[in-house]
Amino acid sequence: MWTLLFAAASSTCLAQVGLPDAAGWAAFDALRFVAHAAALALVVLAAAAGLARVLPAGLVRGLMAVLATLALTFVAVDGRVYALTSQHLTPRALDYLLEERARYTLGLQGSDVAQLALVVLLFLALGAWAFASPPPPRPTVGLALAAVALDVALASGGAVAAFRGLRDGDELGEALPVGFSAVDAERLEAWLGAPAPELHPRQHFPRQTFRREVPSRLRTFPLPTGAQRRPDVLLVVVESFRADAASGLPAFARLASSSLVFTGHRSAGNCTFLGNFSLLTGLPPCYWLAREAHRSPAGLTALAALGYDLALTHSAALDLGVDTKVLAPGTGHTLSAPPSLSPVELDDHNTRLALDWAAAPRTAPSLFVLFYDSTHYPYWSRTEAPSAVGLVGGGADVERARARYRQSVQEVDERLGQVLEALERAQRLDSTVVVVTGDHGESIDARGFGHGGRLDDDQLRVPLLLHLPGVGARTVETTSLHQDVLPTLLAYLGAQPAPGEPAFGRDLLSPSPGQGLPLVGSYGVDRAAGYGVLGPEHTVLFTLGRHGPHPAGLLWPDGRVTAGAESDPVVGEAAALCGALLEP
């Protein structure tokens, strides 16, 4: 009986994210998952039968009880963790949750920890009872089935619907809480008679792959040389900085009066790590999974090659691995911060570091990256310590959330004003490049608060100011992206790119900067919209897999997603873009 329970619990680890939901899974999708889960259950039963031939029956029963308990506990806790963080219980998510800073970033409360502890204790108690009790009589089968039902209920915190539309084994291998390889998916689809996806040759990647287990390596390029200017650079990145949130901010407005103001600017992604990655490397977001992305010829490594000292203040962005992807070994450093600081305290700490930087003597030009975190949901300020759970609003007071967000943004603007005044006192503001932008936008509406789920203007559009000594102030209305910022800065410095260098980011100061391919990335709830190409009327959505891009639909300004991406040639262009910088 406990063997059956373990088989059911183990299968649930797969089936919980494969069950059809009201939004309409195709029958084949559900059948594929159920078949894989059933195959796992048969393997478990066969293994138990084999063990029963060589081990005492009581020992086998106890082993199955322990394994069933662990499987049930894992699935239930995974569901709770997903509901709180929009991430499965992967090693990376677990490491993040164990960090003290995570409780501030996610708004975790003591009740959340208590809930997780109760779930663990519930299933551990069930396992202890099963292990210590004699073989259960026939009526106890109902109790076991009730335990499985309870487990599925506890695990359903958005995990089922979150993976609607996934069809490629590579994506499944990244999303599922247990291993599910591309080979498994291909064999299962072949066994079920599913036709192989037909993609135009232009839509296929070269032989490279973006699978997380074996990421591709960025090619090595000569770095730019011969900068004609070498001013200090202050790059200010404000967490969740909506484009309309800049209105009425005194320090921002003062800087804007002597800056290029880009009103059509968008982040490269609707989440922190993709937005900051493209901002600091000059690469499209699809290269996040590439190894040694710091080799980019238009990233921070290029500035280090021009003689710049590089320093980054600590933030949630660096907790997600951005520093290891954008900084080549020995080219820069991250300024430490105590892990016990709240977002407000961290912002004050980083401001003090920026004030010291503004007044410090220089032996070489310096680039200082100043991150501000307190504007992240649940919107921290000195006047209110928010008491919120998870990453979405869930019917909370929208107006109150907007007021809290506004207060948080205003306090960040005050800190920015202090840094600008320090540069003025040191007589450096007129000779320092200052860049102010956001890592991504933010949704604050009836559907929830936060980011990472939609490729719309709420979550993509951010302010961008470029204060460039010697360049007059004006407003620029053309569309620009985060991957354009560093290439523009390098062009302003007069750095000479290597011949034949593939430049994805554009020089926004050029009279004819060109259009480029406006590629953006998504992370979070709508996994089917992993990437998008922005267009004047709609955004073409697609996912990346082992066989190339998979068109996912057309996103319209009103939030509708319709078919039609399959015939859009921009998908093929995106495939070529995402493979162009990888080693063969």
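Undergrad: Summarise helix 19 (residues 485-493); cite the residues concerned and give the values.
TA: Among the nine residues of helix 19, eight are classified as buried, and the element is accordingly described as predominantly covered. When we look at burial in helix 19, the residues that qualify are Val485, Leu486, Pro487, Thr488, Leu489, Leu490, Tyr492 and Leu493. At the exit of helix 19 stands Gly494, carrying a positive phi of roughly 80°.

Undergrad: Let's hear about the sheet that holds strand 5 (residues 366-372): which residues, and what values?
TA: In space, the eight strands of this open sheet follow the order 4-3-5-1-6-9-2-10, with mixed pairing throughout. Two strands close off the open sheet at either side, each with one partner strand: strand 4 (333-335) and strand 10 (474-481). The sheet shows a mean angle of 20° between the axes of neighbouring strands, taken without regard to direction. Direction of pairing for strand 6 (residues 433-438) relative to strand 9 (residues 464-467): antiparallel, over a ladder of four bridges. Bridge pairing in strand 9 places Thr437 opposite Leu464. Its contacts with the sheet place helix 16 (residues 343-359) against strand 1 (233-238), strand 3 (309-313), strand 4 and strand 5, and it is angled at close to 160° to strand 5. Strands in contact with helix 17 (residues 398-425) are strand 1, strand 5 and strand 6; relative to strand 5, the strand with the most contacts, it is inclined by about 160°.

Undergrad: Please give an account of the nonpolar core that cites residues and values.
TA: Of all hydrophobic cores here, the largest spans 66 residues; its most connected members are Tyr287, Leu300 and Leu303. Here this core takes six residues from helix 19, the largest share from any one element. Counting residues in each nonpolar core, the second largest holds 36 residues, with Val236, Ala354, Val419 and Ile444 among its members.

Undergrad: Summarise the packing of aromatic side chains; cite the residues concerned and give the values.
TA: In this description, an aromatic ring pair is defined by two values, namely the gap between the centres and the angle between the planes. Counted by the stated rule, this structure contains six aromatic pairs. Taking 5.5 Å as the distance between ring centres and 85° as the angle between the ring planes, the aromatic pair formed by Phe277 and Trp288 counts as edge-to-face. Taken together, the residues span a long stretch of sequence, with Phe277 in helix 12 (residues 272-281) and Trp288 in the loop between helix 12 and helix 13 (300-305) at a distance of 11 residues. A ring pair is formed by Tyr379 and Tyr405, whose centres lie 5.3 Å apart and whose planes are at 70°; its orientation type is edge-to-face. Of this pair, Tyr379 sits in the loop between strand 5 and helix 17 while Tyr405 sits in helix 17, and the two are 26 residues apart along the sequence.

Undergrad: Outline the side chain of Ser267, supporting the account with residue identities and numerical values.
TA: Note that Ser267 resides in the loop between strand 2 (260-266) and helix 12. Within the structure, the side chain of Ser267 is placed 2.7 Å from the backbone oxygen of Asp439, a separation counted as a polar contact. Sequence-distant contacts of Ser267, defined by excluding residues within four places in its chain, comprise Gly275, Asp439, His440, Leu460, Val462, Leu481, His482 and Val520.

Undergrad: So what's going on with helix 17? Residues and values would help.
TA: The end-to-end C-alpha distance of helix 17, which contains 28 residues, comes to 41 Å, matching closely the 40 Å that a straight helix rising 1.5 Å per residue would cover. With its phi angle positive at about 55°, Gln427 sits one or two positions after the end of helix 17.

Undergrad: Which residues make up the side chain of Thr281, and what are the values?
TA: Relative to the elements of secondary structure, Thr281 occurs in helix 12. With a relative accessible area of 2%, Thr281 lands in the buried category. Of note is the side chain of Thr281, whose polar atom sits 2.7 Å from the backbone oxygen of Phe277. Among all residues touching Thr281, those that are not within four sequence positions of it are Ala293, Ser296, Ala298, Gly299, Lys325, Val326 and Leu486.

Undergrad: Tell me about a nonpolar patch on the surface, residues and numbers included.
TA: On the surface, a cluster of nonpolar side chains totalling about 270 Å² of accessible area is made up of Val54, Leu55 and Leu59. Looking at where Val54 falls in the secondary structure, it is placed in helix 2 (residues 27-54).

Undergrad: Help me get a handle on the pattern of salt bridges, residues and values and all.
TA: This structure, assessed with the given rule, holds 15 salt bridges. Ionic pairing is found between Arg266 and Asp457, a salt bridge with its closest N-O pair at 3.1 Å. Separated by 191 residues along the polypeptide, Arg266 in strand 2 and Asp457 in helix 18 (residues 457-460) bring together distant segments of the chain. A relative accessible area of 39% places Asp457 in the partly exposed class. Of the charged contacts in the structure, one is a salt bridge between Asp484 and Arg506, with a shortest N-O distance of 3.2 Å. Of the two residues, Asp484 is situated in the loop between strand 10 and helix 19 and Arg506 in the loop between helix 19 and strand 11 (519-521); the sequence distance between them amounts to 22 residues. The buried category is assigned to Asp484, whose relative accessible area is 2%. Given the relative accessible area of 11%, Arg506 is considered buried. Residues joined in a network through salt bridges with shared partners are Asp348, Arg382, Glu411, Glu414 and Arg415.

Undergrad: Summarise the environment of Leu235; cite the residues concerned and give the values.
TA: Turning to its location among the elements, Leu235 is positioned in strand 1. Apart from residues lying up to four places away in sequence, Leu235 is in contact with Leu279, Leu280, Phe368, Val369, Leu370 and Val435.

Undergrad: Quick one: what's the story with the pairing of strand 9, residue by residue and with numbers?
TA: Taking every second residue as pointing to the same face, both faces of strand 9 are buried, with Leu464 and Leu466 on one and Leu465 and His467 on the other. Bridge analysis of strand 2 against strand 9 gives two bridges, and the strand direction is antiparallel. Each bridged residue has a counterpart across the sheet, and for Val261 the counterpart in strand 9 is Leu465.

Undergrad: A description of the packing of helix 16 against helix 17 should follow, citing residues and the corresponding values.
TA: Helix 17 packs onto helix 16 with a crossing angle of 10° between their chain directions and a minimal axis gap of 9 Å. As far as their axial angle goes, helix 17 and helix 16 are roughly parallel. Residues Val344, Asp347, Asp348, Thr351, Ala354, Leu355, Trp357 and Ala358 of helix 16 pack against Val412, Arg415, Gln418, Val419, Ala422 and Leu423 of helix 17. Its residues placed into classes, the contact of helix 16 with helix 17 shows nine nonpolar, two polar and three charged.

What counts and how
Position labels on residues start from 1 in each chain and follow its written sequence. Whole-chain, interface and lining totals are the exception, using all residues; otherwise, since this is a predicted model, local features are given only for residues with pLDDT of at least 70 and side-chain atom pairs are given and counted only at 80 or more. Heavy atoms throughout the structure, all of them, feed into the side-chain values; hydrogens and water do not. A 1.4 Å probe rolled over the protein chains alone gives each residue an accessible area, and that area as a share of the maximum for its type sets the label: buried under 20%, exposed over 50%, partly exposed in between. Helix and strand definitions here come from DSSP, where helices need a minimum of 4 consecutive H or I residues and strands a minimum of 2 consecutive E residues; each element is numbered from the N-terminal end. When DSSP finds at least two bridges between two strands, those strands are taken to pair. An axis is simply a line fitted to the C-alpha atoms; with a helix, the fit covers only the stretch in contact. Between two such axes, the angle follows the N-to-C directions and lies from 0 to 180 degrees. Contact criterion: two residues are considered in contact whenever any of their non-hydrogen atoms come within 4.5 Å of each other. We call a set of buried Ala, Val, Leu, Ile, Met, Phe, Trp, Tyr and Cys residues a nonpolar core when their side-chain atoms join them within 4.5 Å. Here a Phe, Tyr or Trp ring, Trp counted by its six-membered ring, pairs with any other such ring whose centre lies within 6.5 Å, and the pair is stacked when the planes are under 30 degrees apart, edge-to-face when over 60, and tilted otherwise. Distance and chemistry together define a polar contact, namely a pair of N or O atoms within 3.5 Å, with one atom able to donate a hydrogen and the other to accept it when in protein, and with adjacent residues in sequence counting only for side-chain atoms on both sides. For a helix, the expected span equals 1.5 Å multiplied by the number of residues minus one. The residues that make up patches have over 30% relative accessible area and no salt bridge, and they are joined within 9 Å when like-charged or within 5 Å when they are Val, Leu, Ile, Met, Phe, Trp or Tyr. Computed with the Shrake-Rupley method and a 1.4 Å probe, the accessible areas treat only the protein chains shown as cover for residues. When a carboxyl oxygen of Asp or Glu is within 4 Å of a side-chain nitrogen of Lys or Arg, the pair counts as a salt bridge. Every angle not falling under 35 degrees, over 145, or within 65 to 115 is termed oblique; those three ranges are roughly parallel, roughly antiparallel and roughly perpendicular. Each residue is assigned to one class: nonpolar for Ala, Val, Leu, Ile, Met, Phe, Trp, Tyr, Cys and Pro, charged for Asp, Glu, Lys and Arg, and polar for all the others, Gly among them.

Structural measurements only, silent on function.
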